[in-house]
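Structure assessment
Chain by chain, the residues:
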Amino acid sequence: MSAPAELGSEFDLRVDALAAGGEGVGRHVGLVVFVPRSAPGDRLRVRVTHAQRRWARAEIVSILEPGPHRREARCAHYARCGGCDWMHMDEQEQTRARIEIVCEALRRIGGLSELPAIEQVASPRAFGYRSRARVAHAGGRVGFRERASREVVDVDLCPVLDAGAQARLTELRADPPAGRGDVEIDSYGGELRVGSRVYRIGPGAFFQPNGALWERWYQIVVEACGTGQLAVELYAGVGFYTVGLERSFERVIAVERGNAARWAKRNTHASVIRAAVEDWAPRELGRIAPEMVLLNPPRSGCHKSVLDAVRESGAGRLVYVACDPVTLARDLRRCMGDLELVRLVVMDSLPQTHHVEVVAVLERVDSRRAGHLHSHPLGGE
């Protein structure tokens, strides 16, 4: 039986692993302790900052013995800035931890005892890769939010920004916005080039921040979707993957809400439905019976009614692009039914952070046996 920790109490702790949220995890007299900015193998002196009956959160007082993969962070603001949380570990350990976190979530939450072989895709650049970011400003300070706070850390140089995004940060610092708030910065303005494709985008349109991975992302997802007659893409955004699906399927229906749908209509020739997915899918998905469904939901995942509609639609293939392994595992458990997980791709989408992108491919058992599904041989080109 574990004893509850007291706020402010200190003790020595060995960190054993990393949790899905990026914090290190260790045990102290049976109590599970989460420690931000720690690394596996660290022996630490920690102080309790949050206490519950079975677990606690603690901060590092001192590093008694560094773990084998701990290193000095390559950023003068790392101690305070909340933007990166794994810069104190080498890239090899970051990659290993992301794969472990994904597998653990799928087994523990998703209920999957067997997983396909993991395909891992590294970012071409560990630093200087980020083409967009949300910058905070207040009282003349321009930078990023402090870890576990709304305060603004004044940041002049950010090592994960690419040259264009860093230039925008420098411009903002030269003429700080009035008041307090957030500003999106990017290095491509209103037009995005990915390989030979050009996307038009507007303010607030979502795009993955790692520009160095855009082409590889596109190829993996479009190839995973295969070929056929009818594909449905839910949470289609501005049409990033839709363009590739148009070359692989006779007909493509893309569903997105708000302004993103307007940009998707300009970027693709697909049938773009401007609607909330949770309203449209339960009503229409079973009626049109697509061969393939592509899901690319926000971090919170899919509404249960959407997952039920996907499972009941009869689609032979489901491709799920996830930015959170926990919600991915939860959603797969809800919608699998006769669908079998056949492929997993783990992408180091945001180096120096715990964030990970996962592409999960599921196929309907009877469709696999009948041989009705085909992979796209050209990766969407």
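Report follows, based on the coordinates. Each chain carries its own residue numbering, running from 1 in the written order of its sequence. The predicted nature of this model means local features are confined to residues of pLDDT at least 70 and side-chain atom pairs, given and counted, to a pLDDT of 80 or more, with totals for whole chains, interfaces and linings taken over all residues. Excluded from the side-chain calculations are hydrogens and water; all other atoms, namely the structure's heavy atoms, are used.

What about the pairing of strand β13 (residues 197-200)?
Burial classification: accessible surface area is computed with a 1.4 Å probe over protein chains only, and a residue below 20% of its type maximum counts as buried, one above 50% as exposed, and the rest as partly exposed. Numbering goes from the N terminus for both helices and strands, where a helix is a DSSP run of H or I of at least four residues and a strand is a run of E of at least two. With burial as the criterion, only one face of β13 is covered, namely that bearing Arg 197 and Tyr 199; the residues Val 198 and Arg 200 on the opposite face remain uncovered. For two strands to pair, DSSP has to find at least two bridges joining them. Looking at chain direction, strand β12 (residues 191-194) and β13 are connected through 4 bridges and run antiparallel. Within β13, the residue paired with Leu 192 across the bridge is Tyr 199. The hairpin formed by β12 and β13 contains 2 residues between the paired strands, and Gly 195 there has a positive phi angle of roughly 60°.

Notes on the packing of helix α6 (residues 277-288) against helix α7 (residues 304-312)
Angles shown run from 0 to 180 degrees and are taken between the N-to-C directions of axes, each axis being a line fitted to C-alpha atoms and, for helices, limited to the stretch in contact. As a packed pair, α6 and α7 sit with axes 8 Å apart at the nearest point and diverge in direction by 25°. Between α6 and α7, the angle is such that the two are roughly parallel. Crossing of α6 over α7 shows left-handed handedness. Facing Val 277, Glu 278, Ala 281, Pro 282 and Leu 285 of α6, the residues of α7 in contact are Ser 305, Val 306, Ala 309 and Val 310. For the contact of α6 with α7, the class distribution of residues is 7 nonpolar, 1 polar and 1 charged. Should an angle fall under 35 degrees it is called roughly parallel, over 145 degrees roughly antiparallel, and 65 to 115 degrees roughly perpendicular, with every other angle called oblique. Crossing handedness is defined as follows: a turn of the near helix away from the far one that is anticlockwise and smaller than a right angle gives a left-handed crossing, while the clockwise case is right-handed. Contacts between residues were defined by any pair of non-hydrogen atoms, one from each residue, lying within 4.5 Å. Think of it as three bins: nonpolar holds Ala, Val, Leu, Ile, Met, Phe, Trp, Tyr, Cys and Pro, charged holds Asp, Glu, Lys and Arg, and polar takes everything else, Gly as well.

Re the environment of Val 346
Assignment of secondary structure puts Val 346 in strand β19 (residues 339-347). With a relative accessible area of 0%, Val 346 lands in the buried category. Sequence-wise, Val 346 and Val 102 are 244 residues apart; in three dimensions their C-alpha atoms are separated by 8.0 Å. Apart from the residues within four sequence positions on either side, Val 346 is in contact with Ile 99, Val 102, Ile 118, Glu 119, Gln 120, Val 121, Val 356 and Glu 357.

Regarding the sheet that holds strand β17 (residues 292-295)
On the basis of which strands lie adjacent, the open sheet formed by 8 strands has the order β7-β19-β20-β18-β17-β14-β15-β16 and mixed pairing. At either end of the open sheet lies a strand with only one pairing partner, and these are β7 (118-121) and β16 (271-274). When the angles between neighbouring strand axes are averaged without regard to direction, this sheet yields 15°. Bridge count between strand β18 (residues 317-322) and strand β20 (residues 357-364): 6 bridges; the pairing is antiparallel. Along β20, the bridge assignment pairs Tyr 320 with Ala 360. Across the sheet, helix α3 (residues 214-225) lies against β7, β15 (249-256), β17, β18, β19 and β20, angled at about 170° from β19, the strand it touches most. Sheet contacts for α6: β14 (228-234), β15, β16 and β17; angle to β14, the most-contacted strand, approximately 165°.

Things to note about the side chain of Asp 348
Within the secondary structure layout, Asp 348 lies in the loop between β19 and β20. In terms of polar contacts, Asp 348 uses its side chain to reach the side chain of Arg 98, at 3.1 Å. Within polar-contact distance, the side chain of Asp 348 engages the side chain of Gln 120 at 2.7 Å. When neighbours within four sequence positions are excluded, Asp 348 is seen to be in contact with Thr 95, Arg 98, Gln 120, Val 121, Ala 122, Ser 123, Asn 210 and Leu 213. We call two N or O atoms a polar contact when they sit within 3.5 Å, provided that within protein one can donate a hydrogen and the other can accept it, with sequence-adjacent residues counted only if both atoms are side-chain atoms.

Topic: unusual backbone geometry
For Tyr 235, which is not glycine, the phi dihedral falls at a positive 65°. Structurally, the position occupied by Tyr 235 is in the loop between β14 and α4 (242-248). In the Ramachandran plot, Gln 352 falls in the positive-phi region, its phi being about 80° despite a non-glycine side chain. Among the residues examined, Gln 352 registers a relative accessible area of 0% and is labelled buried.

Describing the sheet that holds strand β10 (residues 152-154)
The sheet built from 4 strands is open, its strands ordered β10-β9-β8-β11 with antiparallel pairing. Here the strands that pair on one side only, and so sit at the sheet edges, are β10 and β11 (181-186). Each strand axis lies, on average, 50° off the axis of its neighbour in the sheet, ignoring direction. In the sheet, strand β8 (residues 132-138) pairs with β11 via 6 bridges, with the strands oriented antiparallel.

A look at the pattern of salt bridges
By definition here, a salt bridge exists when the distance from a side-chain nitrogen of Lys or Arg to a carboxyl oxygen of Asp or Glu is within 4 Å. Using the criterion set out here, one finds 32 salt bridges in the structure. A salt bridge links Asp 348 to Arg 98; the nearest nitrogen and oxygen atoms lie 3.1 Å apart. On the criterion of sequence distance, the pair formed by Asp 348 in the loop between β19 and β20 and Arg 98 in helix α1 (residues 91-108) is long-range, its members being 250 residues apart. Of the two residues, Asp 348 and Arg 98, neither departs from the other in class, the shared state being buried. Between Glu 184 and Arg 132 there is a salt bridge, and its shortest N-O distance comes to 3.9 Å. In this pair, Glu 184 sits in strand β11 while Arg 132 sits in strand β8, placing the two residues 52 residues apart along the sequence. For Arg 132, a relative accessible area of 10% translates into the label buried. Through salt bridges that share partners, Glu 10, Asp 12, Arg 45, Arg 47 and Glu 59 make up one connected network.

Side note on the environment of Leu 332
Note that Leu 332 resides in helix α8 (residues 325-335). The buried category is assigned to Leu 332, whose relative accessible area is 1%. C-alpha separation for the pair Leu 332 and Leu 106, spaced 226 residues apart in sequence, amounts to 8.4 Å. Look past the residues within four positions of Leu 332 in its chain and what remains in contact with it is Leu 106, Tyr 320, Leu 341, Ala 360 and Leu 362.

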